[in-house]
Amino acid sequence: MPVKRSWAEPYKIKMVEHLTMTTRLERERAIADAGFNTFLLRSRDVYIDLLTDSGTSAMSDMQWSALMRGDEAYAGSDNFYHLEAAMRRHYGYKHLIPTHQGRGAENILSQLCIKPGDFVPGNMYFTTTKLHQELAGGRFVDVIVDEAHVPESEFPFKGNVDLGKLQRLIDEVGADRIPYLSLETNVNMAGGQPCSLSNIRDTAALCQRHGIRVFLDATRAVENAYFIKLREPGHADKSLSEILLEICAHTDGCTMSAKKDSLVNIGGFLAINDDELAEQAKNLVVIYEGLHTYGGMAGRDMEALAVGIEESVQFDHIRARIGQVEYLGHRLIDAGVPIVRPIGGHGVFINASKFLPHIPQSQFPGQALAAALYVDGGVRGMERGAVSAGRDSETGENILPSLELIRLTIPRRVYTQAHMDVTVESVTSLLEDRDKIVGLAFTYEPKHLRFFQARFTPVGADRVLNTAD
Ligand code: F0G
């Protein structure tokens, strides 16, 4: 029998950051003070922070030294040109417009391309992306495959566009009212689920036949490339870089939150192939972000990003990154916890409707589970269900999405396997006490992106987790 060969992280730890250990009583107070919204907790009160993988990565020694090479000129800094070269090498687009983060790029793209009354198809919504489309007068239309809405489905490419749905939209409203298709890789709200390269190619071909542009949300495109290499026949021998370039080559440009794949704490960009559209974008970026050679970033941040892009496409890095997510996911499956399958790229998504069948969706089981998990183990996750979905922009009614989830998102290169084990123990103990968790009701509901700042109260109880201790 050959000896099993494991892999371990392709890095070692040079510096540590101390965490605060809190008591359960302290956490009960903290979550009540935070209106039972994990976004409103102070991070010093959190032990294991799985709120997001956005801007929470550990930078490498090479990135930290890149910060020292910041050229803080207002215009034309060297760092801009390094970033432009890294973007062109790995994403392949012609023009780079830096922004402070992903939503800065979404704002500019939406304002440039969308007219009131337009429709913007996409493979599932993302909160900020959809809001910018709506603020520009457009309406988002979900054209993702049905499998994406079924947590138990093992379909390997749940991020795929349903070409039938897209064609129907084109037939109904006409291609001239569709400024572009918004294509997300490793679809966040579906559970970090990838698109196949053949689906990306076919989607782009359909759009091209109708003169519709395709803009990629490239935020987690490298993680998507890894799944293509592993799962889609014909790509196993290609490098992640080659697959990434192929994904991008089917599209007209991208918006990018560099806070995820690209391993920086802040930053993003808009990339565009069309010369004229890029010119217009450079004109808009100076209004909202900053000059077109820094957008919203300091020179040092652009340099760290240029290095981060190079590190992000290394196979060993992504294997360890997604491997850690899979480790957590498999341990939760073994413990009987209902999670979205297949295990995604950036986090494990617990099916809160199934975990808490006694809480109706109108009492936000995802939000309640996230609050209870914090109380139990000091682990901070994020609701991705009815609170995140918000209200219908036309009817004002609460949207009740088919996926009522909580996301345990893994920051890149930050936590150890022991942190994953502690998380599993906390979730497992909650599963045993699930009937002691109660639903929540709004006490404050913000107008836009309500999940960030909303406040809640437990329904019919003082606490969200009503166990004896
Ligand atoms: N697109 C996707 C797919 C995202 O996941 C995010 C951010 C954005 C765009 C917006 O980018 O935050 O840099 O402005 N997602 C974070 C998350 C907030 O926690 O999933 P941003």
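Please refer to the structure placed before this passage.
Below is a short write-up of the structure. The model shown is predicted, which means the values in this text are computed figures rather than measured ones.

### As for the pattern of salt bridges
- Applying the stated criterion to the full structure yields 29 salt bridges.
- One salt bridge in this structure joins R380 and D49, with 2.8 Å as the shortest N-O distance. Of this pair, R380 sits in strand β10 (residues 379-380) while D49 sits in strand β1 (residues 48-49); the two residues are 331 residues apart in sequence, bridging distant segments of the chain.
- Take D49: its relative accessible area is 19%, and that puts it in the buried class.
- Close ionic contact of R412 with E223 constitutes a salt bridge, the shortest N to O distance being 3.0 Å. Residue R412 is found in the loop between β12 (405-409) and α16 (417-432), and its partner E223 is found in helix α8 (residues 221-231); the two are separated by 189 residues along the sequence. The residues R412 and E223 share a single accessibility class, namely buried.

### Digging into the site of the ligand
- The local shell around the ligand holds 18 residues, among which T52, R103, D217, S257 and K260 are the closest.
- Residue D217 places a side-chain N or O atom 2.6 Å away from a nitrogen atom belonging to the ligand.
- The separation between a nitrogen atom of the ligand and a polar side-chain atom of K260 is 3.0 Å.
- Protein contact buries 95% of the 470 Å² of open area that the ligand shows by itself.
- For the shell around the ligand, the element with the most residues is helix α4 (residues 102-113), which contributes 3 residues.
- Class assignment of the residues belonging to the shell around the ligand gives a composition of 2 nonpolar, 8 polar and 8 charged.

### Quick notes on the layout of surface pockets
- Within this model, the largest pocket holds a volume of roughly 1500 Å³.
- Lining of the largest pocket is provided by 39 residues; of these, M15, E17, A58, R413 and V414 occupy positions nearest its centre.
- At the level of elements, α2 (61-67) and α12 (315-334) are the ones that each hand at least two residues to the lining of the largest pocket.
- Residues of the lining of the largest pocket, tallied by class, amount to 15 nonpolar, 12 polar and 12 charged.
- Each of two domains, domain 1 (24-53 + 315-458) and domain 2 (62-312), supplies a minimum of three residues to the lining of the largest pocket.

The rules we used
Numbering of residues starts from 1 in each chain and follows the order in which that chain's sequence is written. Since the coordinates come from a predicted model, pLDDT governs what is reported: local features require at least 70, and pairs of side-chain atoms require 80 or more to be given and counted, while whole-chain, interface and lining totals use all residues. Hydrogens are left out, water is left out, and the side-chain values use all remaining heavy atoms of the structure. Any Lys or Arg side-chain nitrogen located within 4 Å of an Asp or Glu carboxyl oxygen qualifies as a salt bridge. Helical segments are the DSSP runs of H or I of at least four residues, strand segments are the runs of E of at least two, and each set is numbered from the N terminus. Partly exposed describes any residue whose relative accessible area lies between the buried limit of under 20% and the exposed limit of over 50%, with all areas from a 1.4 Å probe on protein chains only and scaled to the type maximum. Near is defined per residue: the residue qualifies when any heavy atom it owns lies within 4 Å of the molecule or strand. We define a polar contact as two N or O atoms separated by no more than 3.5 Å, with the added condition that, inside protein, one atom must be a possible hydrogen donor and the other a possible acceptor, whereas residues neighbouring each other in sequence contribute only through side-chain atom pairs. Residue-level accessible areas treat just the shown protein chains as cover; the underlying method is Shrake-Rupley with a 1.4 Å probe. Nonpolar residues are Ala, Val, Leu, Ile, Met, Phe, Trp, Tyr, Cys and Pro. Charged residues are Asp, Glu, Lys and Arg, and all others, Gly as well, are polar. Any residue with an atom within 4 Å of a point lines the site, the site being either a cavity, points on a 1 Å grid over the protein atoms alone where a 1.4 Å probe fits but cannot get out, or a pocket, an open set with protein on both sides within 12 Å along at least 5 of 7 lines. Grid points are joined across faces, edges and corners, and a volume is the space filled by probe spheres set on the points. Each domain's extent is set by a domain assignment, obtained either automatically or from a database.

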